[in-house]
Each structure stands twice: as C-alpha cells, then as structure tokens.
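This is what each chain is made of:
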Amino acid sequence: MDRSWINTPRISDAYEKEVEEFLQFAQHNVVSNHNGVRIRCPCVNCLNGRILNVSEVREHLLCDGFLKNYTTWTWYDELLDFVKYKNRRQSKKWVLIEHNKTFMSWFKQQIMNDPSASETLTWIANDLKFDVLCCSGYEVNGCLFYTKSRDDRSTMQNSRVTLEAESMQFSTAKDQNPVVGSMPYYDFIVEI
Ligand SMILES: [Zn+2]
C-alpha cells in the first residue's frame, strides 16, 4: 500500500480522500468484531496502541494526524491481523506459523512499494548475501567477544552470550493458546 501521502498537509481534500482509503483498507485488518468493526488507530496520540471504531479513527486522523513513522514499524501487526482475519477458524498457533512463513516475501513487497522506506529496511528486505568477512573476535561497547573455537585454545572464556527475546510462547507442542512473553536464551558464539 502506498503511504507516501501520510506526510502531506492534513487540511486538504487529498488528505481526506486518502484517510478514507486507509479506513477501507484497514477494515480488512479487523481486530475485533464485538462492537462493529474496530481497528488499530495509527494517529499521533494512539500510536496503534488503541483499538477503536472506524468513525473514532477517522476523527483522530483528521484532527490530530497520522503517526509520522507509521510506514515502518507497524508491519508486524498488520500482517498478523491480516492472516488472522483471512483464517478465522484456525488456531492462534496456526496463524503464527503461517505469519512466520509468509513474512519475508510480504515484507519485501511492502518495502518495494514504499518510496519512503529507509535504506536500512531496504537492505534487510532484499536477499541476504552470503559472502561476508569473518573474525574470531569482536569488541562491542567495550566488551570483547571471541568465537567458541578461539576460546577452546584459551583459559579465558569470552564466547558465551545471552539474549532476552520477546516472542510467542507455547507450553507444549499441542498448546493452542500461546502467550507473548520474554525468555532468555543462552548459547556460545560460533561465527562473527
Ligand atoms: Zn487515535
């Protein structure tokens, strides 16, 4: 979806027309159907955090304006909501797996269609290159890290790392109602 119009002046017919088009599009990404169609409000105040009905979202977008960097940081939820909407009978776990499978190609397409996408996002969206310079050690913010193979030759150990990641957690393989939570991961560095 072309979102270059987000930065156009708000008091114009063109802006109003585009807001209407956005609302049409967003209604396909329905979050809840309990009180009519409700969508995430991407205005400068709600920052996609509030789920409101369409007329409230219209008012916010016309009076307050669109979140400036909306084009870059809401994509994760947008595809997830879309997959959910298209497959309403499927479990949350099925939706998540489907989302993960389709994310890269969908993300690339979004970036290609968005002239305002940053250079970094364009790099990430394009295919990865496999020829890279490797090192056996690296200093990050004053901490020295080594690869496992280099540590094997030394009494000092600088190859262990931990990462706290927020992701969907499943209690068992059959769990159909996963929850979002953070979990620490521990491992060692193989390549730098
Ligand atoms: Zn709002």
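Residues numbered from 1 in each chain as written. Predicted model: local features only at pLDDT ≥ 70, side-chain atom pairs only at ≥ 80, totals over all residues.

**Focus: the overall build of the protein chain**
Helix and strand content of the protein chain: 7 helices and 6 strands. Going from N to C terminus, the protein chain has its helices and strands arranged as α-β-β-α-α-α-α-α-β-β-α-β-β. Counting across all 192 residues of the protein chain, residues that qualify as buried make up 8%. In the protein chain, once contacts between residues fewer than 6 apart in sequence are set aside, the share between residues at least 24 apart is 44%. (Helix = DSSP H or I, 4+ residues; strand = E, 2+ residues; numbered from the N terminus. Buried ≥ 20, exposed ≤ 12 C-beta atoms within 10 Å, placed from the backbone. Contact = placed C-beta atoms within 7 Å.)

**As for the nonpolar core**
F22, A26, I39, C41, C43, V57, L61 and F66 form the largest nonpolar core, which has 8 residues in total. Mapped by element, the contributors of at least two residues to this core are α1 (13-26) and α2 (54-63). (Core = buried A, V, L, I, M, F, W, Y, C linked by C-beta atoms within 7 Å.)

**Here we look at the confidence of the model for the protein chain**
Parts of the prediction with low pLDDT should not have their coordinates interpreted in detail. Scored by pLDDT, the protein chain comes out at a mean of 78, with 82% of its residues at no less than 70. Averaged pLDDT values for the elements of the protein chain fall to 49 in helix α3 (residues 70-73) and rise to 92 in helix α7 (residues 148-151). (pLDDT = per-residue confidence, 0-100.)

**Some details on the pairing of strand β4 (residues 143-146)**
Bridging between strand β3 (residues 137-140) and β4 involves 4 bridges; their strand directions are antiparallel. Within β4, the position partnered with G137 by the bridge is Y146. Counting the residues that bridge the hairpin from β3 to β4 gives 2 residues, and of these N141 lies at a positive phi of roughly 50°. (Pairing = 2+ DSSP bridges.)

**A short note on unusual backbone geometry**
The backbone of N141 shows a phi angle near 50°, a positive value even though the residue is not glycine. You can see N141 is positioned in the loop between β3 and β4. A tally of 4 C-beta atoms within 10 Å means that N141 is categorised as exposed.

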